[in-house]
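Observations on chain architecture
Each chain, letter by letter, is given below.
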Amino acid sequence: MPSSTSPDQGDDLEACVLRFSDLDLKDTSLINPSSSIKAELDVSTKKKYSFAKKKAFALFVKTKELPAPPSEYKEKWWKCCQQLFTDQTSIHRHVATQHADEIYHETASVLKQLTVTSSTSKTLKSADKRNPFKEDLTHNHEVSAWLPDTSCFSPDELLSGHSNGEGEVLLYYCYCDLEDPDWICAWQTTLCQHLHLTGKVRIATEGINGTVGGSKLATRLYVEVMLSCPLFKDYLCKDDFKTSKGGACCFPELRVGVFAEIVPMGISPSRISYKKPGIHLSPGEFHKEVEKFLSQANQEESDTILLDCRNFYESKIGRFQGCLAPDIRKFSYFPSYVDENLELFKEKRVLMYCTGGIRCERGSAYLKAKGVCKEVFQLKGGIHKYLEEFPDGFYKGKLFVFDERYALSFNSDIVSECSYCGAPWDQYKLCSTPQCRQLVLTCPACQGQGFTACCVTCQDKGSRQAASPAQGSFKEECECTARQLRVPRELLQQGRLPASPGPRPGDDEDGPCLHERPHLPFPNPSQS
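Residues numbered from 1 in each chain as written. Predicted model: local features only at pLDDT ≥ 70, side-chain atom pairs only at ≥ 80, totals over all residues. Heavy atoms only, no water.

1. Considering the packing of helix α11 (residues 283-295) against helix α15 (residues 382-389)
For the record, the criterion: Every angle, taken between N-to-C directions, lies between 0 and 180 degrees, and every axis is a line fitted to C-alpha atoms, over only the stretch in contact when it is a helix. What counts as a helix is a DSSP run of H or I of at least four residues, what counts as a strand is a run of E of at least two, and both are numbered from the N terminus. Any angle that falls under 35 degrees is termed roughly parallel, while one over 145 is termed roughly antiparallel, one within 65 to 115 roughly perpendicular, and all others oblique. Contacts are residue-level and defined by heavy atoms, with any inter-residue pair within 4.5 Å sufficient.
Where α11 meets α15, the closest approach of the two axes is 9 Å, and the angle between their N-to-C directions is 85°. Classified by the interaxial angle, the pair formed by α11 and α15 is roughly perpendicular. Contacts between α11 and α15 pair Pro283, Gly284 and His287 from the former with Lys385, Tyr386 and Glu389 from the latter.

2. Examining the packing of aromatic side chains
Inclusion rule: Note on ring pairs: Phe, Tyr and Trp rings are taken, using the six-membered ring of Trp, and paired if centres are within 6.5 Å. Classes follow the plane angle, with under 30 degrees stacked, over 60 edge-to-face and the rest tilted. Exposed residues in this analysis have more than 50% of their type's maximum accessible area, buried residues have under 20%, and partly exposed residues fall in between, with area computed by a 1.4 Å probe over protein chains only. Any Lys NZ or Arg CZ that is within 6 Å of a ring centre and within 35 degrees of that ring's normal is treated as a charge sitting over the ring.
Counting across every chain of the model gives 20 aromatic pairs. Taking 5.9 Å as the distance between ring centres and 55° as the angle between the ring planes, the aromatic pair formed by Tyr172 and Tyr222 counts as tilted. Residue Tyr172 is found in strand β4 (residues 167-175), and its partner Tyr222 is found in helix α10 (residues 216-228); the two are separated by 50 residues along the sequence. Of the two residues, Tyr172 and Tyr222, both sit in the buried class. Between the aromatic rings of Phe312 and Tyr313, the centroid separation amounts to 5.9 Å while the plane-to-plane angle is 80°, which identifies the pairing as edge-to-face. Classification of Phe312 by relative accessible area gives buried; the value is 0%. With a relative accessible area of 3%, Tyr313 lands in the buried category. The ring of Phe259 has Arg202 sitting right over it, with the charged end atom 4.0 Å from the ring centre.

3. Quick notes on unusual backbone geometry
The backbone phi angle of Gln82 is positive, close to 65°, even though this residue is not glycine. Within the secondary structure, Gln82 is located in the loop between β2 (76-80) and β3 (83-85). Given a relative accessible area of 74%, Gln82 falls into the exposed group.

4. Some points on the environment of Thr355
As a reminder of what qualifies: Identification of polar contacts relies on pairs of N or O atoms within 3.5 Å, with a donor-acceptor requirement for protein atoms, meaning one able to donate a hydrogen and the other able to accept it, and with residues adjacent in sequence counted only if both atoms are side-chain atoms.
Its place among the elements puts Thr355 in the loop between β12 (349-353) and α14 (358-369). When its relative accessible area of 1% is taken as the criterion, Thr355 is described as buried. Each C-alpha atom, one on Thr355 and one on Cys309, is 8.7 Å from the other, the two residues being 46 residues apart in sequence. Among the polar contacts listed, one links the side chain of Thr355 to the side chain of Arg359, at a separation of 3.1 Å.

5. Re the sheet that holds strand β5 (residues 198-204)
Let me state the cut-off plainly: A pair of strands counts as paired when DSSP detects no fewer than two bridges linking them.
One open sheet accounts for five strands, arranged β7-β4-β6-β5-β8; its pairing is mixed. Both outer strands of the open sheet, β7 (242-246) and β8 (254-258), are each paired with one neighbouring strand and no more. Geometrically, the sheet is characterised by an average inter-axis angle of 10° between neighbouring strands, direction not taken into account. Packed onto the sheet, helix α9 (residues 181-194) meets β4, β5, β6 (207-214) and β8 and runs at close to 170° relative to β8.

6. Focus: the pairing of β4
Of all the nine residues making up β4, nine are buried; the element is thus mostly covered by neighbouring parts of the structure. In terms of strand pairing, β4 meets β6 through eight bridges, oriented antiparallel. Bridge pairing in β6 links Leu170 to Val212.

7. Observations regarding the confidence of the model for the chain
Heads up, the condition is: Confidence scores labelled pLDDT are given residue by residue by the predictor and lie between 0 and 100.
Chain-level statistics for the chain give a pLDDT mean of 78 and a share of 72% at 70 or above. Counting contacts from residues 1-41, a segment whose pLDDT is below 50, to residues more than four positions away or on other chains yields 84 contacts. Across residues 117-141 the pLDDT falls below 50, and counting only partners more than four positions away or on other chains, this stretch makes 32 contacts in the model.

8. Topic: the side chain of Glu314
Within the element layout of this structure, Glu314 appears in helix α12 (residues 312-317). Since its relative accessible area comes to 0%, Glu314 is described here as buried. Engagement of the side chain of Glu314 in a polar contact is seen with the side chain of Arg359, the distance being 2.9 Å. Residues in contact with Glu314, not counting those within four places in the same chain, are Thr355, Arg359, Phe400 and Phe402.

9. Looking at the environment of His99
Residue placement: His99 occurs in the loop between α3 (88-98) and α4 (100-116). The sequence separation of His99 and Phe57 amounts to 42 residues, and the corresponding C-alpha distance is 9.5 Å. Those residues within four positions of His99 in sequence are excluded, and the remaining contacts are Phe60, Cys80, Cys81 and His94. A polar contact is formed between the side chain of His99 and the side chain of His94, at a distance of 3.3 Å.

10. A few points about the sheet that holds strand β9 (residues 279-281)
Spatially, four strands are ordered β9-β13-β12-β10 in an open sheet, and the strand pairing comes out parallel. Two strands lie at the open edges of the sheet, namely β9 and β10 (304-308), each paired on one side alone. Each strand of the sheet is rotated relative to its neighbour by a mean of 25°, with strand direction disregarded. With four bridges connecting them, β12 and strand β13 (residues 375-379) associate as parallel partners. Considered in β13, the bridge of Val350 is made with Val376.

11. Points about the pattern of salt bridges
Put simply, the test is: The salt bridge criterion pairs a side-chain nitrogen of Lys or Arg with a carboxyl oxygen of Asp or Glu, the two atoms within 4 Å.
Inspection of the entire model under this criterion finds 20 salt bridges. As a salt-bridge pair, Arg310 and Asp308 come within 2.8 Å of each other at their nearest N and O atoms. Asp308 matches Arg310 in its accessibility class, with the two residues each being buried. A salt bridge links Glu343 to Lys346; its shortest N-O distance comes to 3.3 Å. Judged by its relative accessible area of 41%, Lys346 falls in the partly exposed class.

12. Observations concerning the pairing of β13
Spelled out, the test is: Classification remark: right-handed applies to a crossover when, strands pointing away from the viewer, the course from the first strand over the helix to the second runs clockwise.
Counting buried positions over the five residues of β13 gives four, a clear majority of the element. Relative to β13, β9 runs parallel, the two being bridged by three bridges. In the strand pairing of β13, Ile279 is matched with Phe377. Note that the unit made of β12, α14 and β13 has a crossover that is right-handed.

Here's what the structure looks like:
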């Protein structure tokens with residue numbers, strides 16, 4: 001395995017590192033101060049160490065890539081130790097558990113390279129010099145043409161409500177072909193910093209997906225800039241920006257990056273394109289379709305499926321009545337779910353929905369490409385726009401969001417339960433075990449009794465750690481999550497659809513893997 005990379009290889013690897021930014025290796029030897037250099041490093045170098053470790057892992061995984069067969073939608077597979085891996089999760093788990101020593105030594109090599117530079121950021125910016133457009137944006141007068149004039153506003157106006165939740169959070173996406181996503185990345189970073197916005201923005205050749213928070217003035221200026229930008233003005237309109245109460249406090253930082261997809265479905269946009277989605281229905285049209293579906297005497301034998309494209313921890317606290325909500329942890333599992341349950345969709349009219357609409361764009365395209373559905377429809381603007389028009393409509397419960405608010409409330413319905421006592425409860429908290437990345441539903445009464453973990457295993461682990469604090473804070477996958485079936489197979493009985501979901505046994509122990517602690521995953525800024 002190479003211990004160094006050329007500048008040309010660096011760009012590809014940095015993009016690779018960004019895609020694996022939710023990864024943390026379970027190398028317990030590294031958290032022992034007597035055998036690890038990490039404990040001896042200052043804060044700045046610890047960040048370099050974390051970056052170096054992810055880069056080393058990405059390098060190793062990249063050496064195991066193989067082209068996937070033409071019949072597969074995925075572009076690549078991986079082969080290691082005489083085993084074939086067809087998805088990223090399995091190769092990641094294999095490398096993390098079987099090749100820790102190689103990753104450790106490669107990390108040390110990469111770290112030595114990084115310590116030569118003044119900071120990791122300078123290393124990343126070196127690639128900009130090869131792109132005159134990006135260099136212009138970040139280093140000369142051209143940046144002023146892409147930024148709003150804030151000279152007429154005082155700093156207090158731009159920061160009003162910035163940290164107390166009285167500001168605003170924007171959620172939006174735009175599918176359009178972008179020739180230079182790196183340039184857009186630099187511009188978005190500069191723009192958000194200029195307006196004191198925090199949040200997450202994903203950029204790819206297929207478009208942009210973001211959720212940002214700040215003062216109402218700052219978010220208004222951001223929208224105006226986006227609508228006037230030549231790259232987006234023919235695709236975006238004001239109605240494409242969903243707004244909710246919040247602010248910069250809803251995100252711990254600003255994270256802007258370039259990725260292969262603006263929402264991670266795990267399939268190259270060249271294979272499944274946003275340009276071939278399902279039929280868009282306005283909230284009013286979707287409402288009528290759901291009303292017609294629910295009015296049928298036997299929904300299980302209907303020719304219509306109301307399909308929730310979100311993850312199970314989202315649908316657990318809020319969903320449309322009568323929906324089919326797949327028990328999956330990530331949207332990247334959705335294609336496999338469709339493949340595994342293809343019989344379910346044969347000759348059906350499918351009504352798809354998600355938070356803000358973005359997952360339905362390519363999710364509907366994937367389902368259409370299978371050629372089994374009678375028709376595929378999707379809710380334009382997602383649940384967010386539907387609830388703006390129909391707060392007391394057919395969607396019951398809260399709307400999960402990928403920031404530190406966890407959920408938005410549009411109605412008083414509670415559709416989920418405390419995982420310990422079964423009392424109505426829908427307010428998520430992070431598992432109390434520091435190394436865990438799960439969300440848990442535990443009511444105040446149960447919290448008062450010390451039930452604050454996602455499962456019994458984590459509760460016991462947390463108690464042991466409290467008695468004997470661990471030296472490190474490496475994240476790890478919870479055992480209850482590891483036991484969960486990755487892609488469920490829905491049971492069909494005599495041609496009938498699965499029953500509409502209620503709280504599912506075991507769900508409360510299998511909360512979502514959030515990839516980062518304490519905030520939610522960047523790889524899907526809006527997961528809309």
